[in-house]
Amino acid sequence: MTREQYILATQQNSLPRTEHPQFYPVGIYGWRKRCLYFFVLLLLVTMIVNLAMTIWILKVMNFTVDGMGNLRVTKKGIRLEGISEFLLPLYVKEIHSRKDSPLVLQSDRNVTVNARNHMGQLTGQLTVGADAVEAQCKRFEVRASEGGKVLFSADEDEIVIGADRLKVTGTEGAVFGHSVETPHIRAEPSQDLKLESPTRSLVMEAPRGVQVNAAAGDLKATCRKELHLQSTEGEIFLNADTIRLGNLPVGSFSSSSSSSSSTSSSSSSPSSSAPRQTIYELCVCPSGKLYLSPAGAGSTCQSSSNICLWS
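- In the annotation of an unreviewed UniProt entry, the chain is listed under the name SGCZ protein and assigned to Chunga burmeisteri.
- UniProt annotates the chain under Sequence similarities (unreviewed entry) with the comment "Belongs to the sarcoglycan beta/delta/gamma/zeta family."

1. Notes on the overall build of the chain
Okay, so step 1: Tallying secondary structure elements over the chain gives 3 helices and 11 strands in all.
Okay, so step 2: In the chain, the succession of α and β elements from N to C terminus is α-α-β-β-β-β-β-β-β-β-β-α-β-β.
Okay, so step 3: Taken over 311 residues, the chain has a buried fraction of 5%.
Okay, so step 4: Carbon and sulfur atoms form 54% of the exposed surface of the chain, whose accessible area is close to 30,200 Å².

2. Digging into the sheet that holds strand β2 (residues 71-73)
Okay, so step 1: Across the sheet, 3 strands lie side by side as β1-β2-β3; this open sheet has antiparallel pairing. Each of the sheet's edge strands pairs with one partner strand only, and the pair in question is β1 (67-68) and β3 (78-80).

3. Observations regarding the pattern of salt bridges
Okay, so step 1: Per the counting criterion, the structure on display carries 5 salt bridges.
Okay, so step 2: Here Glu 141 ties to Arg 143 by a salt bridge, and the two come within 3.0 Å at their closest N and O atoms.
Okay, so step 3: A residue is classified by how much of its surface remains accessible, and Glu 141, at 32% relative accessible area, is partly exposed.
Okay, so step 4: Through salt bridges with shared partners, a single network forms among Arg 139, Glu 141, Arg 143 and Asp 155.

4. Looking at the pairing of strand β7 (residues 140-143)
Okay, so step 1: Both β7 and strand β8 (residues 150-154) contribute to a ladder of 4 bridges, which runs antiparallel. The residue bridging Phe 140 from the neighbouring strand is Ala 154, located in β8.

5. Considering the side chain of Ser 153
Okay, so step 1: Within the secondary structure layout, Ser 153 lies in strand β8.
Okay, so step 2: Take Ser 153: its relative accessible area is 2%, and that puts it in the buried class.

6. Comments concerning a nonpolar patch on the surface
Okay, so step 1: There is a patch of nonpolar side chains on the surface, built from Leu 41, Leu 44, Val 45, Ile 48, Val 49, Met 53, Trp 56, Ile 57, Leu 58, Val 60, Met 61 and Phe 63 and spanning about 1,100 Å² of accessible area.
Okay, so step 2: Its location among the elements puts Met 53 in helix α2 (residues 31-60).

7. Quick look at the UniProt feature "transmembrane region" (unreviewed entry) in the chain
Okay, so step 1: According to UniProt, the "transmembrane region" (unreviewed entry) feature falls on residues 36-58.
Okay, so step 2: Taken as a whole, residues 36-58 contains 100% helix and 0% strand, while its terminal C-alpha atoms sit 33 Å from one another.

8. Thoughts on the packing of aromatic side chains
Given two aromatic rings, their pairing is described by the distance between the two centres and the angle made by the two planes.
Okay, so step 1: The full count for this structure, using the stated rule, is 2 aromatic pairs.
Okay, so step 2: Between Phe 140 and Phe 152, the ring centres sit 6.5 Å apart and the planes meet at 65°, which makes this aromatic pair edge-to-face. Within this pair, whereas Phe 140 is found in strand β7, its partner Phe 152 is found in strand β8, the two being separated by 12 residues in sequence.
Okay, so step 3: Of the residues examined, Phe 140 reaches a relative accessible area of 35% and is grouped as partly exposed.

9. Here's the deal with the confidence of the model for the chain
Interpretation of the predicted coordinates at a detailed level should be avoided for regions scoring low in pLDDT.
Okay, so step 1: Looking at the chain as a whole, the pLDDT averages 75, with 76% of positions reaching at least 70.
Okay, so step 2: At the level of individual helices and strands, the chain shows its lowest average pLDDT in helix α3 (residues 255-268), which scores 46, and its highest in α2, which scores 92.
Okay, so step 3: Scored below 50 in pLDDT, residues 257-274 shows 4 contacts in the model against residues more than four places distant or in partner chains.
Okay, so step 4: With pLDDT under 50 throughout, residues 303-311 is counted as low confidence; its partners more than four residues away or in other chains account for 16 contacts.

10. Section: the environment of Met 204
Okay, so step 1: When you line up the elements, Met 204 lands in the loop between β9 (159-161) and α3.
Okay, so step 2: The class for Met 204 is partly exposed, based on a relative accessible area of 48%.
Okay, so step 3: Note: C-alpha distance between Met 204 and Val 180 (24 residues apart in sequence) is 9.7 Å.
Okay, so step 4: Beyond its immediate stretch of four places on either side in the chain, Met 204 contacts Leu 195, Val 210 and Val 212.

11. What to know about the sheet that holds strand β6 (residues 133-136)
Okay, so step 1: Strand order in the open sheet made by the 3 strands is β4-β5-β6, with antiparallel pairing throughout. For this open sheet the edge positions go to β4 (111-116) and β6, each flanked by a neighbour on one side alone. Each neighbouring strand pair of the sheet contributes to a mean axis angle of 10°, computed without reference to strand direction.
Okay, so step 2: As paired elements, strand β5 (residues 122-128) and β6 share 4 bridges and run antiparallel to each other. Pairing of Val 128 across the sheet is with Val 133, part of β6.

Conventions adopted
- Residues numbered from 1 in each chain as written.
- Predicted model: local features only at pLDDT ≥ 70, side-chain atom pairs only at ≥ 80, totals over all residues.
- Heavy atoms only, no water.
- UniProt positions renumbered as here; feature names shortened; annotations may be inferred.
- Helix = DSSP H or I, 4+ residues; strand = E, 2+ residues; numbered from the N terminus.
- Buried < 20%, exposed > 50% of the residue type's maximum accessible area, 1.4 Å probe, protein only.
- Areas by Shrake-Rupley, 256 points an atom, 1.4 Å probe, with all protein chains shown as cover.
- Pairing = 2+ DSSP bridges.
- Salt bridge = Lys/Arg side-chain N within 4 Å of Asp/Glu carboxyl O.
- Patch = residues over 30% accessible without salt bridge, like charges linked within 9 Å, V, L, I, M, F, W, Y side chains within 5 Å.
- Phe/Tyr/Trp six-rings, centres within 6.5 Å; stacked < 30°, edge-to-face > 60°.
- pLDDT = per-residue confidence, 0-100.
- Contact = heavy atoms within 4.5 Å.
- Axes fitted to C-alpha atoms, helices over the stretch in contact; angles between N-to-C directions.

Right, dumping it as structure tokens:
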């Protein structure tokens, strides 16, 4: 045994031994232990509540393998059933409704549909509001369901109505601020057609003629001041069974010619007492005015001094 081992052995034997040895407890005791149990219990309750809420949300929102609620994810896209609300912008390529139900877009204020190009610039816009329906685009078209015929189109240059018949049902008719070009204007059956200009003149022009036809009624042209019938290269032809010019002034003839003509007629004819029908001539003044004059040797048409007495 070495010296050092001997010294250590003797020192250990010389140490005083205590009768009651001290033990130090290991762990959490007292109020710390109570707090730990309380937090563990609170965490357990929170987990149970979260699990119950998750199950309730899954049941209420109708979560399935295909989607949630009214939303179904299919191979062709997303399918919505019932009423759906979108609080943020919706970007889709196509929107289709079911075959047995219409597609309804509803908003408390207005419904706006925008079309943009690849640069993000607005190229077309359709706004359906409470007061009006506005469309902003380069060209607006309305087509028929069968055949795709253009019924109505409008752009910056012109408006085209492609229907077979344009029907205006307003009591005031149709008001045009400028000229109107049309090959045919016709009223409804058993209805009158009226072309009227209350404060200005009414002009009808055509490079190859204007035809006004009333197949089963009267044709009436009324104006306040003057009515002009003018033909620059042709003639004005009035063709009817009876042509009447009312309210024309009647000219007078001299009494001498009247007495001589009456004497000669009484001497030549035994039935001079029978009434005779007066024949009138239609006379024209240099100014263009017309008047009637009794036909005979003393008519005012043959007398330059009595011509145009009513002009």
